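# Descriptive analysis of the structure
Listed below are the residues making up each chain.
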Amino acid sequence: MGSRQVSRTAIVATTPEKIFGLLADPSQHPLIDGSGTVRAAQPGGPDRLSLGATFGMDMKLGPSYKILNTVVEFEEDRLIAWRHFNGHRWRWRLEPLDDGRTEVTETFDWSTAKFPLAITLSPFPRKNAQGIEKTLARLTELFPA
C-alpha cells in the first residue's frame, strides 16, 4: 500500500454477499465499527448504498457531530468505498475464498484527501489502523466459523 494508506486484512467465515450486505446498509455500520466513533445512520438516507449515493452518519470523537459521505467506488459484493468532505476514503475489498470464507481488506486512504499532509502528521493513521483491526475482529465475531 502507498504511504498514505493503512490497511488490514482478515478472513471471515462467510460469503462476500453477506458481508457486503452489512457494508451497503448504513444502519448496520455501528454494529461493526471498531473505532467507537460511528453512532447511527441519519434518517432520510438510502437503505442500501450504490455508486454516488450519499448518506449521513451520527458520529462521536470527543464531541458529537454529523458527517455526510458519498459512495465513490462500488462493485456489487466485492468493493465499496465512501468519502466525506475532506476527500479521504474508507474502502472495503472482499475476495471470495474457495472454502466459502472471504478475505476482507479495509483501508483508510488519505491519498485523495484535500490536505493529506495534515492527516499524515496527525495521529489518525495509527488510530485508524487500530480501529480497522477492531472492526475486522467484530466482523469475524458476527460470522463465527
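Scroll up to find the structure.
Here is a short report on the structure shown in this document. Worth saying up front: this structure is predicted, and the values here are computed from it rather than measured. Just so you know, the residues in each chain are numbered from 1, in the order the chain's sequence is written. pLDDT decides what is reported in this predicted model: residues at 70 or higher carry local features, side-chain atom pairs at 80 or more are listed and counted, and totals for whole chains, interfaces and linings draw on all residues regardless. No hydrogens and no water enter the side-chain calculation; it runs on all heavy atoms of the structure.

### So, the overall build of the chain
- In this text, helices come from DSSP runs of H or I with a minimum length of four residues, and strands from runs of E with a minimum of two, each type numbered from the N-terminal end. Helices and strands together make up the secondary structure of the chain, namely four helices and seven strands.
- Relative to the 2.2 N^0.38 estimate, which gives 15 Å for 145 residues, the radius of gyration of the chain is 15 Å and therefore close to what a compact globule would have.
- Structurally, the chain occupies a C-alpha span of about 40 × 35 × 25 Å along its principal axes.
- Each residue's exposure class comes from its accessible area (1.4 Å probe, protein chains only) as a fraction of the maximum for that residue type: buried when under 20%, exposed when over 50%, partly exposed otherwise. Within the chain, the fraction of its 145 residues that count as buried is 45%.
- Note on definitions: a residue-residue contact is assigned when non-hydrogen atoms from the two residues lie within 4.5 Å. A sequence separation of at least 24 residues applies to 51% of the contacts in the chain between residues at least 6 apart.
- Only the protein chains shown count as cover for residues, and all accessible areas are computed by the Shrake-Rupley method using a 1.4 Å probe. Accessible surface computed for the chain: about 7600 Å², of which carbon and sulfur atoms make up 55%.
- In this count, Lys and Arg are taken as positive residues and Asp and Glu as negative ones, while His and the chain termini are left out. All charge positions are set by atom: Lys at NZ, Arg at CZ, Asp at CG, Glu at CD. Averaging the coordinates of the 18 positive side-chain charges in the chain and doing the same for the 17 negative ones gives two points 10 Å apart. When we talk radius of gyration, it's over C-alpha atoms, and the globule rule is simply 2.2 Å times the number of residues to the 0.38.

### A few points about a nonpolar patch on the surface
- Taken together, the side chains of Leu61, Tyr65 and Phe124 define a hydrophobic patch exposed on the protein surface, amounting to about 270 Å² of accessible area.
- Mapped onto the fold, Tyr65 is located in strand 4 (residues 64-75).
- Taking relative accessible area as the criterion, Tyr65 reaches 33% and is therefore assigned partly exposed. Each patch is assembled from residues with relative accessible area greater than 30% and no salt bridge, linking like charges that lie within 9 Å and nonpolar side chains (Val, Leu, Ile, Met, Phe, Trp, Tyr) that lie within 5 Å. Here a salt bridge means any side-chain nitrogen of Lys or Arg lying within 4 Å of a carboxyl oxygen belonging to Asp or Glu.

### Things to note about the pattern of salt bridges
- Per the stated rule, a full pass over the model turns up seven salt bridges.
- The partner of Glu73 in a salt bridge is Arg89, and the shortest N-O contact between them spans 2.9 Å. With Glu73 in strand 4 and Arg89 in strand 6 (residues 89-96), the pair connects residues that are 16 residues apart, well separated along the chain.
- Its relative accessible area of 14% is what places Glu73 among the buried residues.

### Points about the packing of aromatic side chains
- In this scheme Phe, Tyr and Trp rings, the latter by its six-membered ring, pair at centre separations within 6.5 Å, and the angle between planes marks the pair as stacked below 30 degrees, edge-to-face above 60, and tilted otherwise. Tallied over the full model, the rule gives four aromatic pairs.
- Seen in terms of ring centroids, Phe20 and Phe74 are 5.4 Å apart; in terms of plane orientation they differ by 75°. Their pairing is edge-to-face. One end of the pair, Phe20, is in helix 1 (residues 16-23); the other, Phe74, is in strand 4, with 54 residues separating them in the sequence.
- Assessed through its relative accessible area of 25%, Phe74 is described here as partly exposed.
- The rings of Trp90, Phe108 and Trp110 are connected pair by pair, giving a single aromatic cluster.

### Focus on the environment of Gly36
- In this fold, Gly36 is placed in the loop between helix 2 (29-32) and strand 2 (38-41).
- The sequence separation of Gly36 and Lys134 amounts to 98 residues, and the corresponding C-alpha distance is 9.5 Å.

### Let's talk about the environment of Lys66
- For Lys66, the position within the fold is in strand 4.
- In the structure, Lys66 is positioned 24 residues away from Gln42 in sequence and 8.3 Å away in space, judged by C-alpha atoms.
- Among all residues touching Lys66, those that are not within four sequence positions of it are Gln42, Met57 and Asp58.

### Observations concerning helix 4 (residues 124-142)
- With 19 residues, helix 4 extends 26 Å between its outermost C-alpha atoms, agreeing within 8% with the 27 Å of an ideal straight helix rising 1.5 Å per residue.
- Of the residues making up helix 4, those classed as buried are Pro125, Asn128, Ala129, Gly131, Ile132, Thr135, Leu136 and Leu139. Along helix 4, the residues classed as buried sweep out an arc of 165° about the axis, all on the same side. Relative to its buried face, helix 4 has exposed residues pointing more than 90 degrees away, namely Lys134 and Glu141. To estimate the expected span of a helix, subtract one from its residue number and multiply by 1.5 Å. What the arc measures is the spread of directions leading from the helix axis to the C-beta atoms.

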